[in-house]
Amino acid sequence: DLHSFPTRRSSDLFVKPPKKQQSKNRFDHIRRYLTRSRSASIQEIVREPTSGGVIFRHGVNGLEILLIQDAKDRWTIPKGHIEEGETAVQTARREIGEEAGLHDVDMLGWLGKIHFRYRRIDKLVLMTTQIYLVRVRTSGDEIQKEDWMKGIKWFPFNEALDLIEYEDIAKLMLKAKTRIREEKL
């Protein structure tokens, strides 16, 4: 007899959790997604040697430093990768010409090197940048930025020091200022 078996209601098959637990479960998959490791483990370490310069002139505001603004709005100095067969000083001169349009410069010596490291997908990139002290021989008004840059500008030294994104470059700028003053460059 069909009537002797207990009938099941649809609510018996699925018991809804209390409202608070239901909400927690609904967002568990989002929580797991946000807390999981987002990237593959590092598979390779890549060394990238680069070179650049702290470029200065004596302008109407006293000592001025040339800075470029990169695509991420960071103010920094012109610098770039050392190409095969180039020395670091040759690279600095080339990059200053390419990135700033300054070709008539005096390479006055090595200031130091800085280290950056960052991740590029599954690679750890170790970048070492050789920094040189560079004096422009012209007025420096011929500066011209590359398309990828947001800006390029001469700044009074203290303003450049405040704007520079990287602390290690700022330290070398202070070293440059001391050399410029002591050697009357």
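About the thresholds
- Residues numbered from 1 in each chain as written.
- Predicted model: local features only at pLDDT ≥ 70, side-chain atom pairs only at ≥ 80, totals over all residues.
- Heavy atoms only, no water.
- Helix = DSSP H or I, 4+ residues; strand = E, 2+ residues; numbered from the N terminus.
- Buried < 20%, exposed > 50% of the residue type's maximum accessible area, 1.4 Å probe, protein only.
- Contact = heavy atoms within 4.5 Å.
- Areas by Shrake-Rupley, 256 points an atom, 1.4 Å probe, with all protein chains shown as cover.
- Expected span 1.5 Å × (residues − 1).

Peer 1: Explain the overall build of the chain to me, using residue names and the numbers behind them.
Peer 2: The helix and strand tally for the chain stands at five helices and seven strands. Traced from its N-terminal end to its C-terminal end, the chain shows the element sequence α-α-β-β-β-β-α-β-β-β-α-α. Burial statistics for the chain: of 185 residues in total, 37% are counted as buried. At a minimum sequence separation of 6, the contacts of the chain that also span at least 24 residues come to 69%. Here the chain displays about 12300 Å² of accessible surface, and carbon together with sulfur accounts for 52% of that area.

Peer 1: Tell me what's going on with the environment of Arg93, and back it up with residues and numbers.
Peer 2: Of note, Arg93 is situated in helix α3 (residues 88–100). Separated by 39 residues in the primary sequence, Arg93 and Tyr132 place their C-alpha atoms 9.3 Å from one another. When sequence neighbours within four positions are dropped, the list of residues in contact with Arg93 reads His103, Val105 and Met107.

Peer 1: If you had to explain α3 to someone new, which residues and values would you point to?
Peer 2: Between its first and last C-alpha, α3 extends 17 Å over 13 residues, near the 18 Å set by a 1.5 Å rise per residue. All of the buried residues along α3 are Ala88, Thr91, Ala92, Arg94, Glu95, Ile96, Gly97, Glu99 and Ala100. A positive backbone phi angle near 75° is found at Gly101, which sits one or two residues after α3.

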